[in-house]
Amino acid sequence: MQAKHQRNAYFLAWSLGPLFIFLTAVFLGPFVYMLWLSFTDLSFAAPDRTGNFMGLDNYSRALWHDEVFLGSLARSAIFTLLSVSPEILIGIIVAEILYTRPIAQRLLSPLFALPVLLPTVVVGLYWRIMLQGEFGVVSYYLAELGLPAAKGILSNSHTILITLALVDIWQWTPFVALVLLAGRSSLPRAPLEAALLDGASQLRAFVDVTLPGMLPTVIVIGLIRAVDSFKEFDKVFILTGGGPGNASELSSIYAWRVAFRRWDFGYAAAICVLIYLLLYAVSQGVLSKIHVGARR
Amino acid sequence: MKLRRILLATSLSFACFVLVCVIIVPILWGLLISLKTRVDALSTPPRWIFTPTLANYQAAFVEGPYAQPLLNSLVIAATSSVLAMLLGTPAAYAFSRSRFKGRRAAFLSILTVRLAPATIIALPLFRIFTKLQLIDSYAAIILVHTGVSLPIAVWIMKGFIDEVPLEVDEASLLDGDSRFGAMMKQVLPICIHGLLVTAAFCFINSWNEFFLALMLTGYESRPFTVAVPALVTPHGTYWGQVTAISTVALCPGLLFAVFARRYLVREVTGGAVWR
């Protein structure tokens, strides 16, 4: 018994040890270092700011004196809402259509998987080409259809978040539909059939029986999408760089600008910590209700 | 009643058709631009029919320096996915087979890493690598991409190992094998396809990654994700070359979509199930 116990400990050491050493080196170590930086005034642009400790100054500056930062948080939240809710809504409808059509399912699923597997940089560049004012194909046809404003679609500060959300919707909706389809397919058929036998209409049965059954999947994919969307950097960076003005400056882009354009490292660290805390609090609230690895 | 049904079926097929077009057109348009001359690419109204040319590919890869970033991407993605598999597979095996204190906490901490924004490590790592003079080296970006891929590798691999019956290990252990032996000789050969899918997913992940590469690589080691956006300048852009490189760059994703898509859903959601 003693030998078996020892062998088990040895097994855990060689299998999990390297993983946690590595994750500590790449994640935990840098994270702790960044926590430290967030309490200092380190800046590469000012020679006298060599990393002196200054307590919570960076945090109070971000939360009470920096309206650009608070604005960028709001823009991230709006962008998340504008992109994720249509993705889920269309995803549910498409999943329901595909569910009863196995042939369409088989033909369409490689296509549906494609957009999320493409480099986001390429997605951003393709849409930038198509939305260009001078020669973009989408803006051209929209203008032909009687929307001359489409020519300046990437430089319209009022609609830019909607435009960017549409690109995100293009990239993610098919995948969300696939996930929801998987959730839909794993539901038991009996309750739905019983409801239909009892004389419920298709729509009624869908709303009362199918939707509640799919709720878990909807929440899981919704959370994953919301977190990713709030972190969005690549596509927006490529498409607008945060502009026009700072109309599409999401929080991740603002953090990048403070760190790598203004070289205000201590302050940027504080911003990153705040963004992370926000994401962490929201996702923990949901995650605590999810049973991880329940397939076993 | 019958008419209504036919109408419904037609409109649904039409909706599917529109959906397919919406997905395909941007990718197709990128491909078309890469095969156009500059005049064709910039013409209004947009030209759908034209004489194709490979001039852009030649300009980007033969005359221009853009084969190197693709090669860099290949080196970084291949090395980091192999490293992630080497470190991640034993861990996945342990998570799948062992009951130990803190198992759930350990697994959740791996999940938390997946949720963390990239800015959170990019900032300190930039400073650390600058001090170590590792900025613009393959080592730096490979190390970081391995770290990012690792949680995903453990997560997906655990799913595959879970599907191997416990009896397989037990028989092997009774034969006198060590845990390591049981894993290498019995369990992994059964889920070899799982190993390949997981490695492919790590590869795609690193191949597509932009933000960390932007921060931590320089001219020598930059992957295509960093090199291509740099081609877009306010003074004029060779869209032909941009799309030519992009077209080559989307091949791994295309291959994955065709051959391994059925694993995609569980890879991203990680089999997280509502309690």
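Everything below is about the structure printed above this text.
A.B. asks: Can you break down the overall build of chain A residue by residue, with the values?
C.D. replies: Regarding its fold elements, chain A presents twelve helices and one strand. Taken against the 2.2 N^0.38 rule, which gives 19 Å for 296 residues, the C-alpha radius of gyration of chain A at 24 Å runs more than 25% over that of a compact globule. Taking the principal axes of its C-alpha atoms as reference, chain A extends roughly 80 × 75 × 30 Å. Looking at the 296 residues of chain A, the share that counts as buried comes to 43%. Within chain A, contacts between residues separated by at least 24 positions form 68% of all contacts whose residues are at least 6 apart in sequence.

A.B. asks: Outline the nonpolar core, supporting the account with residue identities and numerical values.
C.D. replies: Ala268, Ile271 and Cys272 of chain A are the most contacted members of the largest nonpolar core, which has 159 residues in total. Beyond its immediate chain neighbours, meaning those up to four positions away, Ala268 of chain A contacts Ala255, Val258 and Ala259 of chain A together with Leu123 of chain B.

A.B. asks: Break down the interface of chain B and chain A for me, citing the residues and quoting the values.
C.D. replies: Buried accessible area, meaning the area lost when the parts come together, often serves as the stated size of an interface. Contacts between the two partners involve 72 residues from chain B, matched on the other side by 73 residues from chain A. Its residues assigned to classes, the side of chain B that touches chain A comprises 54 nonpolar, 13 polar and five charged.

A.B. asks: Quick rundown of the environment of Asn58 of chain A? Include the residues and the values.
C.D. replies: All names here are of chain A. Along the chain, Asn58 falls in helix α2 (residues 57-65). Expressed as a C-alpha distance, the spacing of Asn58 and Ala270, which sit 212 residues apart in the sequence, is 6.1 Å. With residues near it in sequence (within four places) discarded, Asn58 still touches Ser38, Gly266, Tyr267 and Ala270.

A.B. asks: Before we move on, can you summarise helix α6 (residues 119-131) of chain B with the specific residues and values?
C.D. replies: All names here are of chain B. Compared with the 18 Å implied by 1.5 Å per residue over 13 residues, the 19 Å span of α6 between its first and last C-alpha is a close match. Along α6, the residues classified as buried are Thr119, Ile120, Ile121, Ala122, Leu123, Pro124, Leu125, Arg127 and Phe129. Among the residues trailing α6, Gln133 stands out with phi positive, at a value near 55 degrees.

A.B. asks: Which residues make up helix α7 (residues 138-162) of chain B, and what are the values?
C.D. replies: Residues and elements named next belong to chain B. Given a rise of 1.5 Å per residue, 25 residues ought to cover 36 Å, and the 35 Å separating the end C-alpha atoms of α7 matches this to within 8%. A maximum bend of about 35 degrees is found in α7 at Ser149, where proline Pro151 lies one to four positions downstream. Where burial is concerned, most of α7 is hidden: 22 out of the 25 residues are buried.

Each value, and the rule that gives it
Residues numbered from 1 in each chain as written. Chains lettered and ligands numbered in written order. Predicted model: local features only at pLDDT ≥ 70, side-chain atom pairs only at ≥ 80, totals over all residues. Helix = DSSP H or I, 4+ residues; strand = E, 2+ residues; numbered from the N terminus. Rg over C-alpha atoms; globule rule 2.2 N^0.38 Å. Buried ≥ 20, exposed ≤ 12 C-beta atoms within 10 Å, placed from the backbone. Contact = placed C-beta atoms within 7 Å. Core = buried A, V, L, I, M, F, W, Y, C linked by C-beta atoms within 7 Å. Nonpolar A, V, L, I, M, F, W, Y, C, P; charged D, E, K, R; others polar. Expected span 1.5 Å × (residues − 1). Bend = angle between axes of the 7 residues up to and from the residue.

Any functional reading would require information that these geometric values do not contain.
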